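Inside the fold
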Amino acid sequence: MEKINDWFSVEKNNNNITIVFNDNPNDKDYNKYLIYYANLYAQKERINILFDCSNINYFPINYIYKIVVLMIKMEETHRNYLEKFTIKVTNPRIKTLINLVFDIRPPVVNYEIIS
């Protein structure tokens, strides 16, 4: 597992990527995550991603906008290169925020939310 910053770490195993988030993001770490995430698709290979959000206890509501914008910008990339994604979430408040994001902008590929 490679620590990218204080908020997230990444493990790559062929075309399977796990992103593990820590407690609470700050603006700098969150913005770095958005850039890092977009760059995962640079090799133009199909990938599967597990987002492990089980450590997140708080997520600022103003970050929702940035996620939705990223999802809109990356729709074509996701269709072409994201096979499937899974979100592991244990905090009910965080799960509610994820559902809110997907209500605003539904994902364009298969996904699963697990506990």
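Figured I'd write up the structure that's included with this text. Keep in mind that what you see is a predicted model, and the values were worked out from it rather than measured.

Secondary structure summary: the protein chain contains four helices and six strands in total. Mapped from its N terminus to its C terminus, the protein chain presents α and β elements in the order β-β-β-α-β-α-α-β-α-β. Considering the protein chain as a whole, with its 115 residues, one finds that 42% of them fall into the buried category. Within the protein chain, contacts between residues at least 6 apart in sequence are counted, and of these 72% link residues at least 24 apart. Summed over all atoms, the accessible surface of the protein chain reaches about 6,800 Å², with 48% contributed by carbon and sulfur. Mean positive and mean negative side-chain charge positions of the protein chain (14 and 13 charges, respectively) differ by 3 Å.

Inspection of the entire model under this criterion finds one cavity of 30 Å³ or more. Roughly 520 Å³ of volume is contained in the largest cavity. Contributing to the lining of the largest cavity are 29 residues, with Y33, F51, I67, I87 and F102 lying nearest its centre. Only α1 (27–39), α2 (62–73), α3 (75–81), β5 (82–88) and α4 (92–104) provide two or more residues apiece to the lining of the largest cavity.

Before going further, it helps to examine the sheet that holds strand β3 (residues 16–21). The strand order across the open sheet built from six strands is β1-β2-β3-β4-β5-β6, with neighbouring strands paired in mixed fashion. Of all the strands in the sheet, just β1 (2–3) and β6 (110–114) have a single pairing partner and so form its edges. As paired elements, β1 and strand β2 (residues 8–13) share two bridges and run antiparallel to each other. Residue pairing across strands places K3 opposite S9, the latter belonging to β2. Contacts from α1 reach β2, β3, β4 (47–52) and β5 within the one sheet, and its direction differs from that of β2 by about 20 degrees. Its contacts with the sheet put α4 on β5 and β6, and the angle it makes with β6 is roughly 160 degrees.

Moving on to α2. Three or more residues of α2 are buried, namely Y63, I64, V68, L70 and M71. Projected onto a plane normal to the axis of α2, the buried residues spread over an arc of 160 degrees and lie on a single side. Among the exposed residues of α2, those pointing more than 90 degrees away from its buried face are N62, Y65 and K73.

Cut-off values and rules
- Residues numbered from 1 in each chain as written.
- Predicted model: local features only at pLDDT ≥ 70, side-chain atom pairs only at ≥ 80, totals over all residues.
- Heavy atoms only, no water.
- Helix = DSSP H or I, 4+ residues; strand = E, 2+ residues; numbered from the N terminus.
- Buried < 20%, exposed > 50% of the residue type's maximum accessible area, 1.4 Å probe, protein only.
- Contact = heavy atoms within 4.5 Å.
- Areas by Shrake-Rupley, 256 points an atom, 1.4 Å probe, with all protein chains shown as cover.
- Lys, Arg positive; Asp, Glu negative; His and termini not counted.
- Charge placed at Lys NZ, Arg CZ, Asp CG, Glu CD.
- 1 Å grid on protein atoms, 1.4 Å probe; cavity = no way out; pocket = protein on both sides within 12 Å on 5 of 7 lines; lining within 4 Å.
- Points joined across faces, edges and corners; volume = space filled by probe spheres on them.
- Pairing = 2+ DSSP bridges.
- Axes fitted to C-alpha atoms, helices over the stretch in contact; angles between N-to-C directions.
- Arc of directions from axis to C-beta.

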